[in-house]
Amino acid sequence: MTADLRQRAEGLAAPLPALLAQAEHLAASVLPGAHGRRRAGQGDEFWQYRPATASDGAARIDWRRSGRADVHFVRETEWQAAQAVTLWVDRAQAMGFSGAKDRAPKADRARLLGLALAVLLLKGGERVGLMPDLPPRMGRAQLEPLTLTLGADDMADFGTPPAALLPARSQAVFLSDFLGPTEGLERAVGQAVARGVRGVLVQILDPVEEEFPYQGRSIFESMTGTLRHETLRANDLQTRYRDRLVARKDALAALARKSGWQVLSHHTDQSPATALMALWQALDGGR
Amino acid sequence: MGNLGFATPWLLAALVALPLLWWLLRAVPPAPVVRRFPGVALLLGLTDERTETDKTPWWLLLLRALAVAALIVGFAGPTLNPQAARMGDAPLLVVMDASWASARDWSRRTERVAEVLAEAARADRPVAVVVLSDLPEGPLPLREARFWAERVGALTPAPFVAKADTVAEWAATLPETLDSYWVSDGLDHPYRGPLTDALQARGALAVYETSRPVLALAPASLREGSLVLQAIRLPNQPTTDVTITAHGRDPSGVERALARATATFEAGEQTAEAELVLQPELRNRITRFQIEGIRSAGAVALTDDALQRRKVALLTGREGDEGADLLSPFFYLRQALGPVAELIESPSIDDLLLTAPDVLILVDVAALGEVETGQILDFVRSGGLLLRFAGPRLAASEIARDAEDPLLPVRLRIGGRTVGGAMSWGAPRMLRDFAPESPFAGLSIPSDVTIAAQVLAQPDPGLAERTIATLADGTPLVTRRFDGDGQIVLVHTTANADWSTLPLSGLFVQMLERLAVSTRGAALEESAIAQQVWQPQRALDGFGKVQDVSNDAAIDGETLAARDFGPDLRPGVYSSAAGSLALNLIGADSVLSAATWPASVPVERDTVAVTRDLRAPVLILGLGLLLVDILAALWLSGRLRGGAVAAILLALSLPMDAHAQEDDRLALQATSAVVLGHILTGDARVDEIAQAGLRGLSRILFARTSVEPEPPIGVDIERDELTFFPFLYWPITENTPIPSDAAYAKLNRYLRGGGLILFDTRDAELAGLTRTTPEARRLQTIARPLDIPPLEPVPEDHVLTRTFYLLSEFPGRYRGRDVWVEAAPADAERAEGMPFRNLNDGVTPVIVGGHDWASAWAVDEMGQPMVRIGMGLSGEEQREMAYRFGVNLITHVLTGNYKSDQVHVPALLERLGQ
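To keep things clear, this report deals only with the structure shown in the data block. (Residues numbered from 1 in each chain as written. Chains lettered and ligands numbered in written order. Predicted model: local features only at pLDDT ≥ 70, side-chain atom pairs only at ≥ 80, totals over all residues.)

**Focus on the overall build of chain B**
In step 1: Secondary structure assignment for chain B yields 27 helices and 37 strands.
In step 2: The buried share of chain B, taken over its 914 residues, is 38%. (Helix = DSSP H or I, 4+ residues; strand = E, 2+ residues; numbered from the N terminus. Buried ≥ 20, exposed ≤ 12 C-beta atoms within 10 Å, placed from the backbone.)

**What to know about the overall build of chain A**
In step 1: Along the backbone of chain A there are nine helices and 10 strands.
In step 2: With 287 residues in all, chain A has 36% of them scored as buried.
In step 3: Put simply, 74% of the contacts in chain A that link residues at least 6 apart link residues at least 24 apart. (Contact = placed C-beta atoms within 7 Å.)

**Examining the packing of helix H6 (residues 164-172) of chain B against helix H7 (residues 192-202) of chain B**
Residues and elements named next belong to chain B.
In step 1: Running from N to C, H6 and H7 cross one another at 10°; their axes reach a closest spacing of 10 Å. Taken together, the axes of H6 and H7 lie roughly parallel to each other. Contacts from Val167, Ala168 and Ala171 in H6 reach Pro194, Leu195 and Ala198 in H7.
In step 2: Partitioning the contact of H6 with H7 into residue classes produces six nonpolar, no polar and no charged. (Axes fitted to C-alpha atoms, helices over the stretch in contact; angles between N-to-C directions. Parallel < 35°, antiparallel > 145°, perpendicular 65-115°, else oblique. Nonpolar A, V, L, I, M, F, W, Y, C, P; charged D, E, K, R; others polar.)

**Quick notes on helix H4 (residues 106-123) of chain A**
All names here are of chain A.
In step 1: Taking 1.5 Å per residue as the helical rise, H4 with its 18 residues ought to reach 26 Å, and the 26 Å between its terminal C-alpha atoms agrees with that figure.
In step 2: Most of H4 is tucked away: 16 of the 18 residues are buried.
In step 3: Positive backbone phi, approximately 85°, marks Gly125, located one or two places after H4. (Expected span 1.5 Å × (residues − 1).)

**Some words on the environment of Ser505(B)**
All names here are of chain B.
In step 1: One can find Ser505 in the loop between strand S23 (486-491) and helix H14 (506-517).
In step 2: Residue Ser505 is classed as partly exposed on the basis of its 19 C-beta neighbours within 10 Å.
In step 3: Put simply, Ser505 and Ile445 are 60 residues apart on the chain and 9.3 Å apart in space, counted from C-alpha to C-alpha.
In step 4: If we ignore the near neighbours within four places in the chain, the residues touching Ser505 are Pro446, Asp448 and Val449.

**Let's talk about the nonpolar core**
In step 1: Grouped together as the largest cluster of nonpolar side chains are 85 residues, with contacts concentrated most on Val94(B), Val127(B), Leu217(B), Leu229(B), Ala231(B) and Ile244(B).
In step 2: Shared between two domains, this core takes at least three residues from each, and those domains are domain 2 (84-212 + 593-610) and domain 3 (215-308 + 524-591) of chain B.
In step 3: Beyond its immediate sequence surroundings of up to four residues, Leu217(B) is in contact with Leu229(B), Ala231(B), Ile244(B), Phe289(B), Ile291(B), Ala299(B), Val300(B), Ala301(B) and Ile586(B).
In step 4: Of all hydrophobic cores here, the second largest spans 67 residues; its members include Ala84(A), Leu150(A), Leu237(A) and Ala282(A). (Core = buried A, V, L, I, M, F, W, Y, C linked by C-beta atoms within 7 Å. Domains from an automatic or database assignment.)

**Here's the deal with the sheet that holds strand S8 (residues 218-221) of chain A**
In step 1: Across the sheet, three strands lie side by side as S9(A)-S8(A)-S2(B); this open sheet has mixed pairing. Looking at the sheet topology across the chains shown, the edges are occupied by strand S9 (228-231) of chain A together with strand S2 (33-36) of chain B. Geometrically, the sheet is characterised by an average inter-axis angle of 20° between neighbouring strands, direction not taken into account.
In step 2: Relative to S2(B), S8(A) runs parallel, the two sharing four bridges. Each residue of the ladder has a partner; that of Phe220(A), found in S2(B), is Arg35(B). (Pairing = 2+ DSSP bridges.)

**What to know about the environment of Lys258(A)**
All names here are of chain A.
In step 1: Positionally, Lys258 belongs in helix H8 (residues 234-259).
In step 2: By C-beta crowding, Lys258 is classed as exposed, having 12 other C-beta atoms within 10 Å.
In step 3: Expressed as a C-alpha distance, the spacing of Lys258 and Val193, which sit 65 residues apart in the sequence, is 9.7 Å.

**Considerations on the pairing of strand S34 (residues 756-760) of chain B**
Residues and elements named next belong to chain B.
In step 1: Burial analysis of S34 places five of its five residues in the buried class, which makes it a mostly covered element.
In step 2: Side chains of S34 alternate between two faces, with Leu756, Leu758 and Asp760 and Ile757 and Phe759 buried alike.
In step 3: Relative to S34, strand S33 (residues 727-731) is paired through five bridges, and the arrangement is parallel. Looking at S34, one finds that Pro731 is bridged to Asp760.
In step 4: Assessed by its sense of winding, the connection that carries the chain from S33 through helix H21 (residues 741-752) to S34 is right-handed.
In step 5: As judged from the four bridges shared by S34 and strand S37 (residues 846-849), these two strands associate in the parallel manner. Pairing of Ile757 across the sheet is with Val846, part of S37. (Right-handed = clockwise from strand over helix to strand, strands pointing away.)

**As for the interface of chain A and chain B**
In step 1: At the junction of the two partners, chain A supplies 32 residues and chain B supplies 23 residues.
In step 2: When residues of the side of chain A that touches chain B are traced back to their parent elements, those giving at least two are S8, S9 and H8 of chain A.
In step 3: Broken down by element, the residue count for the side of chain A that touches chain B peaks at eight residues, all from H8(A).
In step 4: Considered class by class, the residues forming the side of chain A that touches chain B number 15 nonpolar, seven polar and 10 charged.

**Examining the sheet that holds strand S14 (residues 300-302) of chain B**
Remark on secondary structure: sheet strands pair via backbone hydrogen bonds, oriented parallel or antiparallel.
Residue and element names in this part refer to chain B.
In step 1: The four strands are arranged S11-S10-S13-S14 in an open sheet whose pairing can be described as antiparallel. Of all strands in the sheet, those with a lone pairing partner are strand S11 (255-265) and S14, marking the two edges. Adjacent strand axes in the sheet meet at a mean angle of 20° when their direction is disregarded.
In step 2: For strand S10 (residues 240-249) and strand S13 (residues 286-291), the ladder comprises five bridges, and the chain directions are antiparallel. Residue pairing for S13: Gly248 is matched across the bridge by Ile286.

Next comes the structure, spelled out in structure tokens:
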């Protein structure tokens, strides 16, 4: 039993170092800049020298600078607040879809992006957590539990962000295809906004889901087979499907606008580096 | 379009089910494809716009209905033009006339029989195929149709018509119930009526005839020096032309068509004539006439002595005097008759008449003995021609003065006359134009023909009608009298130039020809034929092909005289002591009449539509439609991708490119390294040896020189590019095909471009004995259009003798005999102190020999020699020399005259040193 469990766990974990390596590689392609707070505070970076006041202890005086002048100076460093970023990576069955044999499923891309972002953030000294139950922590040590948790699959058809308590004023990144029911998402975003959390919604879609290139009499099934739709002429549905997809995207955008979040769209046939860059920018800009 | 029938018509009832199928297919839409698709959440609630499209599209329905219909019809066994009339169960008798008249369409007839047999096989009835001209012994051979189907091809028409009594006898032995199918030759034969009745009495009778006209050729006859050919046909036919060719050996002994004439049948006419005017020389060569394009014994007329060279006997008298030839009275006769007739000369009338001549010529003979006169008279009366020339002796004699001499056509006046001589006032007389009824009619008279002296005919009442040529003043020059079957002709002047210039002119020759040729119908009397025993020489088969039958048993004259053609007496040429006799199927007075059938007998013409089994094509159509349906269904359901279509199309188009690729392969293979090539001759063994020989040579080259050839390639001169090969080996066989013009152009380009062809006739052994061999002749034929410079046997100082090894001869499998190369320029001279002449630049374009080098070079895959050369050790030595020749040859090909230049090296070095 234990052996079996371990075997399964090892089997499960086997791709993870690869994923991690891939994510690190991807992260390396994005040059992170330390996000200084542009005011004095706790941090390593030099911010300014200011004349010492009476309240400054003698130990704080920078004697090297003071030696070149008549007044005493205190060396201030820039305040570098470590941000907490909480990721939610949709691991539902719908994410396991791939429209072509040579294309990785959406879930792979979502994990990759998520982990790469985590690598980047951790390098930048931020705290990264993973919904639902991995609270944000600092340091590379966080990578391992992140990776392990990301490897697990969800058996549900479509994923919904869990109702987890996010750290106040932190940031959140939701990676999903957002094709399932939107109520869960709206609720989760609403709760987050209530705690002053800003974030990014990254919609990862397969190109096939964008184009709907089907023809003829077809039965469409969701990945678990719980949802079915039969049509006699799939090609007739194309425009209407696209319309609905656009509507769904609009709904996402509206939700984001309302809550001050951002929406990014990414297709699995595009380069993940671009998406990571955009995601990084979005987080950076939101600060 | 003919009728359509079915083997199992009840199966067609299944067609009723088609509407059911239609309904069923319409009711059931095509099976859906199940797809996993996360976007389904967005699809929920969307309905199809057009509900009616859930049905199978109408064209797919139609396709399927058609496919099923085709399958049903196919299994029902459709047959085009079923022959209901011949669908009985009784045994079937197929009767063929198989006479000469059916030969023309023989293949069509046997095809028809094969079709009938196929029908019989389907109906599973016993069949007997009987050829009337070759009736089977014993009871009717009823067998299953397949037995006969194998034998139909072997049936041949006979060169005669079956005999009525044998057919009647045979008909009496036929079984009681019998359906018959008569493949008729379209002619009426004596047995036709009775046999028709007999067959109709036993069962249904159907007749098959072809509508192509039956044509026959009557024997050629001579009329006024021209050959008259008569073609015969059935009555009531439209206007047609037939071409008649005369066949014989040309002067080189090759059998070919010597002349052609066209005979035109007027509409409704049964006969057509063609006239052929030929040089006697040519005419004598003719062995048969034939209607062109018709293969039938009836369309061939063989010729015999009647058209052959005349035998002309010349009574020469005693030629004691050794006078000049030109003065001899016989000189001009010999000159004129020699080429066209068989001239027999003797001073003895007995001897002459024993040779049975056609013409007897007496030149200036006055009196003859009584016995001789009698003999000559007999000769004349039995059809001979006595041709006499006047002369001083006849003029001086007393014969035929008062009474008519039996051997002279007219009475003569004493002394004759001289006009225009040294002692006369008058001028020499000219000839008057020949009268139309004269045998000389139409000959043109040269203006320089003059008569200076002649014997004169007594004016008799009959003189005018006996005169066939006169002088300008009306005096007879040539008179003729018929006696019995023959005739006596007197030329009133001499046979030499003493009295006239006539013998000097061409007219003399023509007149003699007319006289000699128009003699003798020469038909042998029936009684004369019957008395002889005849040896067959040549005989015709049913198709009119001449066969040599000189080894057959001789035939009794009476059989021959009866002309009762049958298996024992075929039309042909027979010979006996009396001469040769052509026995032709068609006589001069033969008439062809068409077969008439009772109204109750159905007659099929060749327009009869053939019964055709449509089962296979219809089933294939059905399956094809089903295949299309599969594709259509796939396409409909969206499972047929462009890739799949492209793959199918690609698969279909693939074979097209195969050849081009092959060409490239040859080019690549041939150009990647030095490759020796040999030209394919079509003779598998020769090609194999050539390939093996070049393989052996390639190995030797590889081992000994820096030439490292790839395995040799066989080259098809018609198809392959030659320019890749520096060297081609061309073994010549007797049957090496003559290249096409395009191939010649290619070869010439190759030779001019510096290629070398080694022609090997492989016959040095034989050629030493006979000088010319079939291979050598073939080589001459092949090489004639080639651009080959003058050749000479390899001179001792040719560069070939020293390009690698020093060689004095070039043995292959054989040694000895010359090898020919391009001749050295005439001005090639040996420079002072040089061992060799200063020879031409470049490589000889051809080397011709017969030493069978490939055999000497040939090794198998293991490197073992394939052909034994000579005896023991010396043979191996010869093989080594052959290899050395090969090495020299290839080195020569690749380096040109390099070795030739090498001898100058010392001189060049010396000059450089200075």
